[in-house]
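These are the residues of each chain, in order.
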Amino acid sequence: MIVVTGATGNVGRTLVRLLAGTGEQVTAVARHITQADVPESVRAVAADLSDVESLRPALERADALFLLVAGEDPQGLVGAAKAAGVRKIVLLSSQGAGTRPQAYRHAGMFEEAVRESGLGWTILRSGGMASNAYAWAEPVRLHRTAAASFGDMGLPFIDPDDVAAAGAAVLREAGHDGATYVLTGPAATSPRERAAAIGQALGEPVRFVEQTRQEAHEQMAQFMPLPVVEGTLAILGEPTPEEQRVSPDVERILGRAPRPFGEWAARNAAAFR
């Protein structure tokens, strides 16, 4: 049995489908999940990672756990998994945990708990995800505009379906224990280029509007902790060479190159119409 937390999110929803499609027994976990949210063969359990006790019923008979960085008690979550008999944890972390540990201390705490668990473990450090562009959905629908700071700074954003595919592979295959993988897309793209790709998917242009750093800060601070806001803006505006590098790890895991942003935009164009 594989337990997938964050099962209704951009990565988790695809991961559940991929695992179920291979015949794996899957328990899908999210705060407000219902059986209608998952394939018929999948068990849905509502739980909140900020409440360790709520997760325990989902862990019954589990062999492996796909864990998000969520909640404030990584040791408690890992301990609950170990007590339930879980033998392997795959953690979805952030590339920033490696490149900017002070800003991403929360992710670092989860990584440390997983590494010290005594269980088999694999850490997936994702770069920025293509699905971050959903933040543009409403202004693109209403005005065909997309706003962001650092409009010409390129980063290799990754398709969340590729993150899910990598997760499915390391959960099911041997040979990944003790590995920390960095997951990126196949090429760096700038916000301006991503807006243009959405326009191409829609068949009409999307105008890019350059934000100031302060405007971006105020917008992000509405839904992110301030240290993460600062770390994110630093990556977006002043990325290190490592943050701009295209990682080989997706191809190493999947045997194929990651998908470009334009494919994600074409597949999800309905969200912007």
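No experiment lies behind these values; they were computed from the predicted model shown. (Residues numbered from 1 in each chain as written. Predicted model: local features only at pLDDT ≥ 70, side-chain atom pairs only at ≥ 80, totals over all residues. Heavy atoms only, no water.)

### Remarks on the side chain of Ser54
Here comes step 1: With respect to the helices, strands and loops of the structure, Ser54 is situated in helix H2 (residues 52-55).
Here comes step 2: In terms of polar contacts, Ser54 uses its side chain to reach the backbone amide nitrogen of Asp48, at 3.0 Å.
Here comes step 3: When residues no more than four places from it in sequence are discounted, the contact partners of Ser54 are Ala46, Ala47 and Asp48. (Helix = DSSP H or I, 4+ residues; strand = E, 2+ residues; numbered from the N terminus. Polar contact = N/O pair within 3.5 Å; in protein donor to acceptor, adjacent residues only side chain to side chain. Contact = heavy atoms within 4.5 Å.)

### Here we look at the side chain of Arg125
Here comes step 1: Mapped onto the fold, Arg125 is located in strand E6 (residues 120-126).
Here comes step 2: In contact with Arg125, not counting residues within four places along its chain, are Ser93, Ser94, Gln95, Ala97, Gly98, Glu111, Arg115, Thr180, Tyr181, Val182 and Leu183.

### Some details on the pattern of salt bridges
Two side chains bearing opposite charge may form a pair once their charged atoms approach each other closely.
Here comes step 1: Summed over all chains, the structure comprises 16 salt bridges.
Here comes step 2: In this structure, Arg192 engages Asp152 in a salt bridge whose closest nitrogen and oxygen atoms are separated by 2.8 Å. Here Arg192, found in helix H8 (residues 191-202), pairs with Asp152, found in the loop between strand E7 (145-148) and helix H7 (160-172); they are 40 residues apart in sequence, far enough to count as distant.
Here comes step 3: What makes Arg192 partly exposed here is its relative accessible area of 34%.
Here comes step 4: Between Arg213 and Glu230 there is a salt bridge, with the nearest N and O atoms lying 3.5 Å from each other. In this pair, Arg213 sits in helix H9 (residues 213-220) while Glu230 sits in helix H10 (residues 226-237), placing the two residues 17 residues apart along the sequence.
Here comes step 5: Taking the relative accessible area as the measure of exposure, Arg213 reaches 39% and is therefore partly exposed.
Here comes step 6: Overall, the relative accessible area of 36% leaves Glu230 in the partly exposed class.
Here comes step 7: Because the salt bridges share partners, they merge into one network encompassing Glu111, Arg115 and Arg125. (Salt bridge = Lys/Arg side-chain N within 4 Å of Asp/Glu carboxyl O. Buried < 20%, exposed > 50% of the residue type's maximum accessible area, 1.4 Å probe, protein only.)

### Notes on helix H1 (residues 12-21)
Here comes step 1: Here H1 has its buried residues at Gly12, Thr14, Leu15, Val16, Leu19 and Ala20.
Here comes step 2: Summarising the contacts, the buried residues of H1 are in contact with strand E1 (2-5), strand E2 (26-30), strand E4 (64-68) and H7.
Here comes step 3: Taken from the residues just after H1, Gly23 is the one with a positive phi, measuring 90°.

### Overview of the packing of aromatic side chains
Aromatic rings considered in pairs are described by the distance between their centres and by the relative angle of their planes.
Here comes step 1: Taken as a whole and assessed by the stated rule, the structure comprises 4 aromatic pairs.
Here comes step 2: Ring centres 5.5 Å apart and planes at 35° place the aromatic pair Phe261 and Trp264 in the tilted group. Of this pair, Phe261 and Trp264 both sit in helix H13 (residues 261-267), separated by 3 residues, roughly a single helical turn. Residue Phe261 shares its accessibility class with Trp264, and that shared class is buried. (Phe/Tyr/Trp six-rings, centres within 6.5 Å; stacked < 30°, edge-to-face > 60°.)

### Focus: the packing of helix H3 (residues 74-84) against helix H5 (residues 105-115)
Here comes step 1: The contact between H3 and H5 brings their axes to 9 Å, and the two run at 30°. The orientation of H3 relative to H5 falls into the category roughly parallel. At the point where H3 passes H5, the crossing takes the right-handed sense. Side by side, H3 and H5 meet where Pro74, Gln75, Leu77 and Val78 of the first sit next to Met109, Phe110, Ala113 and Val114 of the second.
Here comes step 2: Grouping the constituent residues of the contact of H3 with H5 by class yields 7 nonpolar, 1 polar and no charged. (Axes fitted to C-alpha atoms, helices over the stretch in contact; angles between N-to-C directions. Parallel < 35°, antiparallel > 145°, perpendicular 65-115°, else oblique. Left-handed = near helix turned anticlockwise from the far one by under 90°. Nonpolar A, V, L, I, M, F, W, Y, C, P; charged D, E, K, R; others polar.)

### A closer look at the nonpolar core
Here comes step 1: Counting residues in hydrophobic clusters, the biggest one holds 34 residues, and the most contacted among them are Val4, Leu15, Leu19, Phe66, Leu124, Leu171 and Leu183.
Here comes step 2: Listed by contribution, the elements that provide at least two residues to this core are E1, H1, E2, E4, strand E5 (88-94), H7, strand E8 (179-183) and helix H12 (249-254).
Here comes step 3: The element contributing the most residues to this core is H7, with 7 residues.
Here comes step 4: Residue contacts for Val4: discarding those within four places in its chain leaves Gly12, Leu15, Val16, Leu19, Val26, Thr27, Ala28, Val29 and Phe66.
Here comes step 5: Core analysis: the next-biggest nonpolar cluster, separate from the first, contains 26 residues, Val3, Leu59, Val86 and Leu119 among them. (Core = buried A, V, L, I, M, F, W, Y, C linked by side-chain atoms within 4.5 Å.)

### Examining unusual backbone geometry
Here comes step 1: Of note, Arg61 is a non-glycine position whose phi angle comes to about 65°, a positive value.
Here comes step 2: Mapping Arg61 onto the fold places it in the loop between H2 and E4.
Here comes step 3: Overall, the relative accessible area of 58% leaves Arg61 in the exposed class.
Here comes step 4: Here Phe150, not a glycine, exhibits a phi torsion of approximately 55°, which is positive.
Here comes step 5: Inspection of the secondary structure puts Phe150 in the loop between E7 and H7.

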